[in-house]
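So you can see what is in the structure, the chains are spelled out below.
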Amino acid sequence: VQLQASGGGLVQAGGSLRLSCANSGRTFYTMAWFRQAPGKEREFVAAVRWNDNRMYADSVQGRFTISRDNAKNTVYLQMNSLKPEDTAVYYCAGDNAWTMQPSRYDSWGQGTLVTVSS
């Protein structure tokens, strides 16, 4: 397994969680987080480029922060002010493309469940 996501859990609305994704394989120029809620398609959350360029989905802008530690080959997603609608399985992904499209990412982690209670 190249990408290993962790850090999910149960949190009350308004709370915070930090997800981590450890990469044990080759380095990707782009690391991203996606999420998939029950009955919904997988959607883009955030991405960070090797040069620290970042982009976010409108739904998480200002609440979530993506970062990467290139020395540790790890990407993080700090999630603040969580809402019940943030409940989903969160996946990390890596690729050399700079895109929000999940179909463009070649490598995926196994997912970690985030549940936000109201």
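Refer to the structure above for everything that follows.
None of the values given here were measured: they were computed from a predicted structure.

Enquirer: Mind showing me how you'd approach the layout of surface pockets here?
Expert: Empty space among the atoms becomes apparent when a probe as large as a water molecule is rolled across them. Reported here for the largest pocket is a volume of approximately 170 Å³. Every residue along the wall of the largest pocket is listed here: Arg-35, Ala-37, Lys-40, Glu-41, Glu-43, Pro-84, Glu-85, Thr-87 and Ala-88. Tallied by class, residues from the lining of the largest pocket come to 3 nonpolar, 1 polar and 5 charged.

Enquirer: Help me out: how do you make sense of the environment of Ser-81 in this one?
Expert: By the secondary structure assignment, Ser-81 is in the loop between strand 8 (74-79) and strand 9 (88-95). Sequence-wise, Ser-81 and Arg-35 are 46 residues apart; in three dimensions their C-alpha atoms are separated by 17 Å. Discounting chain neighbours no more than four positions away, the residues touching Ser-81 are Gly-14, Gly-15, Ser-16, Arg-63 and Asp-86.

Enquirer: Is there a simple way to think about the pairing of strand 11 (residues 112-117) in this case?
Expert: Sheet faces and side chains relate simply in a regular strand, where the side chains alternate between the two faces. Residues of strand 11 alternate between two faces, with Thr-112, Val-114 and Val-116 buried on one and Leu-113, Thr-115 and Ser-117 left unburied on the opposite face. As judged from the 4 bridges shared by strand 2 (residues 9-12) and strand 11, these two strands associate in the parallel manner. Looking across to strand 11, one finds that Leu-10 is bridged to Thr-115. Sheet topology places strand 9 next to strand 11; 3 bridges connect them, and they run antiparallel. Counterpart to Ala-88 in the pairing with strand 11 is Val-114.

The rules behind these values
- Residues numbered from 1 in each chain as written.
- Predicted model: local features only at pLDDT ≥ 70, side-chain atom pairs only at ≥ 80, totals over all residues.
- Heavy atoms only, no water.
- 1 Å grid on protein atoms, 1.4 Å probe; cavity = no way out; pocket = protein on both sides within 12 Å on 5 of 7 lines; lining within 4 Å.
- Points joined across faces, edges and corners; volume = space filled by probe spheres on them.
- Nonpolar A, V, L, I, M, F, W, Y, C, P; charged D, E, K, R; others polar.
- Helix = DSSP H or I, 4+ residues; strand = E, 2+ residues; numbered from the N terminus.
- Contact = heavy atoms within 4.5 Å.
- Buried < 20%, exposed > 50% of the residue type's maximum accessible area, 1.4 Å probe, protein only.
- Pairing = 2+ DSSP bridges.

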